[in-house]
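Architecture and fold: a report
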Amino acid sequence: MASLATAEACDSNAALIASGDVRCLQPIFQIYGQCRAFSGPIVTLKVFEDSVLVRELLETRGDGRVLVIDGGGSMRCALVGGNLVVLAQNMGWAGIVVNGCVRDVDEINGCDIGVRALASHPQKSNKKGIGEKHVPIHFAGTLIRDGEWLYADSDGILVSKTELSV
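What you see is a predicted model, and the numbers here were worked out from it, not measured in a lab.

Right, let's get into the pairing of strand E3 (residues 38-46). Counted residue by residue, E3 has seven buried out of nine residues, so it is predominantly covered. Taken together, the four bridges between E3 and strand E11 (residues 149-153) define a ladder with antiparallel strand orientation. When the sheet's bridge partners are listed, proline 41 is paired in E11 with tryptophan 149. Pairing of E3 with strand E4 (residues 66-70) involves five bridges; the strand directions are parallel. Pairing of threonine 44 across the sheet is with valine 68, part of E4. The handedness of the E3 to E4 crossover, carried by helix H3 (residues 52-58), is right-handed. Where E3 and strand E8 (residues 132-133) come together, two bridges link them in antiparallel fashion. Across the sheet, residue leucine 45 finds its bridge partner in E8, namely lysine 133.

Let us now look at the packing of aromatic side chains. In this description, an aromatic ring pair is defined by two values, namely the gap between the centres and the angle between the planes. Overall, the coordinates contain two aromatic pairs when judged by the stated rule. Aromatic side chains phenylalanine 29 and phenylalanine 139 sit 6.1 Å apart centroid to centroid with 70 degrees between the ring planes, which places their arrangement in the edge-to-face category. In this pair, phenylalanine 29 is assigned in the loop between strand E1 (22-24) and strand E2 (30-32) and phenylalanine 139 in strand E9 (residues 137-139), connecting sequence segments 110 residues apart. In terms of burial, phenylalanine 29 and phenylalanine 139 fall into one category: buried. Note on tryptophan 149 and tyrosine 151: the rings are 6.3 Å apart at their centroids and 20 degrees apart in plane angle, and the pair reads as stacked. You can call tryptophan 149 buried: its relative accessible area is 14%. By relative accessible area, tyrosine 151 is classed as buried at 3%.

Conventions we followed
Residues numbered from 1 in each chain as written. Predicted model: local features only at pLDDT ≥ 70, side-chain atom pairs only at ≥ 80, totals over all residues. Heavy atoms only, no water. Buried < 20%, exposed > 50% of the residue type's maximum accessible area, 1.4 Å probe, protein only. Helix = DSSP H or I, 4+ residues; strand = E, 2+ residues; numbered from the N terminus. Pairing = 2+ DSSP bridges. Right-handed = clockwise from strand over helix to strand, strands pointing away. Phe/Tyr/Trp six-rings, centres within 6.5 Å; stacked < 30°, edge-to-face > 60°.

And the structure:
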């Protein structure tokens, strides 16, 4: 999949931005993983300090999709660690965006996948299996729906109702 520069996408899609069909996430994320630019259809997940459903989704074929996790912005534990990122890479996910924390940063940075998160935290999450898959989520000033498209690079993250042309 050809990468799409987010700044260029913003410049060439002003009408879609004005209509809300293309939205920029607030610049609150740290960059992890070797893929600084990634894109793909979105799979949404809403959890709070619980990574069971994260693993369940990442154990399925990624097919170039991006897992977008609304972890409620929790800074008390990590929702994604090195093992899950290796799993995501091996299952063909293009990237992971976490409204929350990651851990095992050195391991994640060795993976050929794109990861964005608010910060790193050494403590693991709970394992209760509570959360919702494929639901609309809202964070970083943006509503994000399952099936929309995400584009991330060093300049930021865009969400689009439809796939944007390169």
